[in-house]
Amino acid sequence: MNTKITNPFVLKTIVWDEEDQRFCSPDRKSFVWGTDIVKSICTQDPKCPDDDIRDECTCGLYGSPNWQAIDEYFRYPNSVMALMKCYNVLNIWTAPWDIPNCYVTRTWGMRVAHIVKPDVMKDRGNMAQRYTSAVWAADYYNARVLDLAVINQIIKISWNEVCKIDPFAKLEGDKNG
Ligand SMILES: [Zn+2]
C-alpha cells in the first residue's frame, strides 16, 4: 500500500550517543535525529525526488506502529522508543513472519513527537539508565514521556484517519489493546 498522507504516527527506536551528545539511529551512529523533520537520505543514482520515495528505491525511514516489531533495538542500553510523526509518503507492509501481526512502515520524513515511557523495556537491562535517556529525550525534543497505552491511542486514531487500518487489531488479546 502506498499512500500520500497527512500525518500518521509510528514508533521508532533512537539511541543517545554519549560521546557526541546527540540522538542517533541504533545501527547507524552517523544518522542523527535532530529536533526538526528528519528527511530520508537517498543514495541511489539518480536520487529520489526531494519530497518523495520512488517505489523501486529502498531509501526512506522505517518504523512500525507496533513496539513488538522494533524491540530488537532495546538491546542498546541508551535506547529510547519515540513516537514519530510521518511526512509525505507512507508505505505500509505486514511485518515478516518472525514478528507476526505487526506492520512495518516506510516514510520520507519523521519528527520526534513524544517519548514512550520505558516500562515496556523492563527486563532488558538497566532501567535507571533507560529512564535517564527518556528524560533527556523529552528535554531535547521538548516532548512528553507518555505511557505506551496513551501512545498507542494516538497511533490508532491517526491510522484510522489516514488509512482506515487498526494497527493493533491483529494483536488483540495482547497487551497492546
Ligand atoms: Zn531513494
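Before going into details, it helps to say that this report is about the structure given with it.

So, how was this worked out
Residues numbered from 1 in each chain as written. Predicted model: local features only at pLDDT ≥ 70, side-chain atom pairs only at ≥ 80, totals over all residues. Helix = DSSP H or I, 4+ residues; strand = E, 2+ residues; numbered from the N terminus. Expected span 1.5 Å × (residues − 1). Buried ≥ 20, exposed ≤ 12 C-beta atoms within 10 Å, placed from the backbone. Arc of directions from axis to C-beta. Contact = placed C-beta atoms within 7 Å.

**So, helix H1 (residues 127–141)**
Spanning 15 residues, H1 covers 21 Å between terminal C-alpha atoms, matching the ideal 21 Å at 1.5 Å per step. Turning to H1, its buried residues are Arg130, Ser133, Ala134, Ala137 and Tyr141. Along H1, the residues classed as buried sweep out an arc of 100 degrees about the axis, all on the same side. For H1, the exposed residues lying more than 90 degrees away from the buried face are Ala128 and Asp139. In the segment just after H1, Asn142 is the residue with positive phi, at about 50 degrees.

**Some points on the environment of Val104**
Along the chain, the position of Val104 falls in strand S8 (residues 103–116). With 19 C-beta atoms packed within 10 Å, Val104 lands in the partly exposed category. For Val104 and Gly63, which are 41 residues apart along the polypeptide, the C-alpha to C-alpha distance reads 5.9 Å. The contacts of Val104, once residues within four sequence positions are left out, are Tyr62, Ser64, Ala69, Trp93 and Ala95.

**A short note on helix H2 (residues 148–163)**
In this model, H2 (16 residues) spans 22 Å end to end at C-alpha, consistent with the 22 Å of a helix rising 1.5 Å per residue. Taken as a whole, H2 has its buried residues at Ile151, Asn152, Ile155, Ser158 and Trp159. One side of H2 carries all its buried residues, which in axial view fall inside an arc of 135 degrees. When the buried face of H2 is taken as reference, the exposed residues oriented beyond 90 degrees from it are Ala149, Ile157 and Glu161. Next to the buried residues of H2 lie strand S2 (9–17), strand S7 (79–94), S8 and strand S9 (145–146). Once H2 ends, the next one or two residues include Lys164, with phi positive near 55 degrees.

**Comments concerning unusual backbone geometry**
Looking along the chain, the bond that leaves Asp45 and enters Pro46 is cis, with omega of 5 degrees. Relative to the helices and strands, Pro46 is located in the loop between strand S5 (38–39) and strand S6 (61–63). Notably, Asn88 is not glycine yet its phi reads approximately 70 degrees, a positive angle. Looking at the element boundaries, Asn88 is found in strand S7. The class for Asn88 is partly exposed, based on 18 C-beta atoms found within 10 Å. We note that Asn142 has phi near 50 degrees; this positive angle belongs to a residue other than glycine. If you trace the backbone, Asn142 turns up in the loop between H1 and S9.

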